[in-house]
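A structural walkthrough
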Amino acid sequence: MISCTCPKIYVGKTVQELRRRISKHLSDIRNKKDTTLVKHIQAVHKGDTQSIKFWGIQKVKAGPRGGNIDRKLQQQETKWIYRLKSLAPKGLNEGFTYVSFLAKR
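The rules behind each value
Residues numbered from 1 in each chain as written. Predicted model: local features only at pLDDT ≥ 70, side-chain atom pairs only at ≥ 80, totals over all residues. Heavy atoms only, no water. Disulfide = S-S within 2.5 Å. Buried < 20%, exposed > 50% of the residue type's maximum accessible area, 1.4 Å probe, protein only. Axes fitted to C-alpha atoms, helices over the stretch in contact; angles between N-to-C directions. Helix = DSSP H or I, 4+ residues; strand = E, 2+ residues; numbered from the N terminus. Parallel < 35°, antiparallel > 145°, perpendicular 65-115°, else oblique. Left-handed = near helix turned anticlockwise from the far one by under 90°. Contact = heavy atoms within 4.5 Å. Nonpolar A, V, L, I, M, F, W, Y, C, P; charged D, E, K, R; others polar.

Some remarks on the state of the cysteines
Evaluation of the coordinates by the stated rule reveals zero disulfides. Cys 4 forms no disulfide, and the closest cysteine sulfur to it belongs to Cys 6, at a distance of 4.4 Å. Judged by relative accessible area, Cys 4 falls into the buried class, the value being 7%. Cys 6 sits in the partly exposed class, given a relative accessible area of 34%.

Set out below in structure tokens:
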């Protein structure tokens, strides 16, 4: 999760180590990538990365037989977006989907 001083939040998922994903977000901000988060930081906080904090809110592990880790991550991301009300316009998430909750056929 990324929280701003404004105080909007963004919830995301990653299979990378958290520190690597944080570095990527910071790089995107420095390089002014075309993402919702970067646009917000540039427009509202003038590119100041001191206005944001990063939080690891849940670690999702694959089951003993592996399984679809991306599906599990998607499900948890959706739950956190809903719980934390990070969907735009109150938050910085553009949307989410319930597809990962549907049974496979």
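Quick notes on the packing of helix H1 (residues 18-30) against helix H2 (residues 36-45)
One way to put it is that H1 packs onto H2 with a least axis distance of 9 Å and a crossing angle of 55 degrees. In terms of orientation, H1 and H2 fall into the oblique class. For the pair H1 and H2, the sense of crossing is right-handed. Counting all contacts with H1, which are made through His 25, Asp 28 and Ile 29, the residues of H2 involved are Leu 37, Val 38, Ile 41 and Gln 42. In terms of residue class, the contact of H1 with H2 is built from four nonpolar, two polar and one charged.

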